[in-house]
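Report on the structure
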Amino acid sequence: MEKVKKYFQFSGTINGLNYFLRNMLSYVVAFVGGLILGLGLGKGNMGMTTLGILVVVPAVVFGFATLYKRMFALFQEDATSYTIGLVLIQLISQFMSEGTFKSLAVLMLVIF
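Counting restarts for each chain: residues are numbered from 1 in the order of the written sequence. Thresholds applied to this predicted model are a pLDDT of at least 70 for local features of residues and 80 or more for the giving and counting of side-chain atom pairs; totals over whole chains, interfaces and linings are not thresholded and use all residues. For the side-chain quantities, the full set of heavy atoms in the structure was used; hydrogens and water were omitted.

1. Some remarks on the packing of aromatic side chains
This is how it is decided: Only the six-membered ring of Trp is used, alongside the rings of Phe and Tyr, when aromatic pairs are assigned; centres must lie within 6.5 Å, and planes under 30 degrees apart are stacked while those over 60 apart are edge-to-face, with the rest tilted. Numbering of helices and strands starts at the N terminus; helices are DSSP runs of H or I of at least 4 residues and strands are runs of E of at least 2. Only protein chains enter the area calculation, which uses a 1.4 Å probe; residues under 20% of their type maximum are buried, those over 50% are exposed, and those in between are partly exposed.
Under the counting rule described, the total for this entry stands at two aromatic pairs. Taken together, a centroid distance of 6.2 Å and an interplanar angle of 25 degrees make the contact between Tyr68 and Phe72 stacked. Here Phe72 and Tyr68 lie together in helix H3 (residues 46-74), a separation of four residues that amounts to about one turn. Judged by relative accessible area, Phe72 falls into the partly exposed class, the value being 25%. Look at Phe75 and Tyr82: their rings are 4.2 Å apart centre to centre, the planes differ by 25 degrees, and that puts the pair in the stacked class.

Below you can see the structure in the form of structure tokens.
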């Protein structure tokens, strides 16, 4: 259990390759969980909806842990602020016009 627990902890640092691989795993698991969740909601099947939620929540926690670990590796003194800032940029970019979204997407690409 300790081997699995370390992947979800918000401590330590992470290198670039592990960051990329962890993000890919997080995206795939979140996609599968979102698909199951959407199918469950669409069909009105509470079991599939619950299963989707149970798959998505750990993927989101894993994604945040990965982001925090990478920010801690790059900016140890202020990793929490940078992590919150990046999450806010991602959330705000969802509500921007296409031109602003593209510029924020380039910014996020450079950061990641």
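2. Notes on the packing of helix H2 (residues 16-43) against H3
Describing two packed helices takes the angle between their axes plus the distance from one axis to the other. Stated precisely, the cut-off is as follows: To obtain an axis, a line is fitted to C-alpha atoms, over the contacting stretch when the element is a helix, and the angle between two such axes runs from 0 to 180 degrees between their N-to-C directions. Between 65 and 115 degrees an angle is taken as roughly perpendicular, under 35 as roughly parallel, over 145 as roughly antiparallel, and anywhere else as oblique. Crossings are assigned a handedness: left-handed for a near helix turned anticlockwise from the far helix by less than a right angle, right-handed for a clockwise turn. Residues are grouped as follows: nonpolar covers Ala, Val, Leu, Ile, Met, Phe, Trp, Tyr, Cys and Pro; charged covers Asp, Glu, Lys and Arg; every other residue, Gly included, is treated as polar.
Between H2 and H3, the shortest axis-to-axis distance is 8 Å and the interhelical angle comes to 160 degrees. In terms of their interaxial angle, H2 and H3 are classed as roughly antiparallel. Of the two elements, H2 crosses H3, and the hand of that crossing is left-handed. Taken together, the residues of the contact of H2 with H3 break down into 17 nonpolar, 10 polar and three charged.

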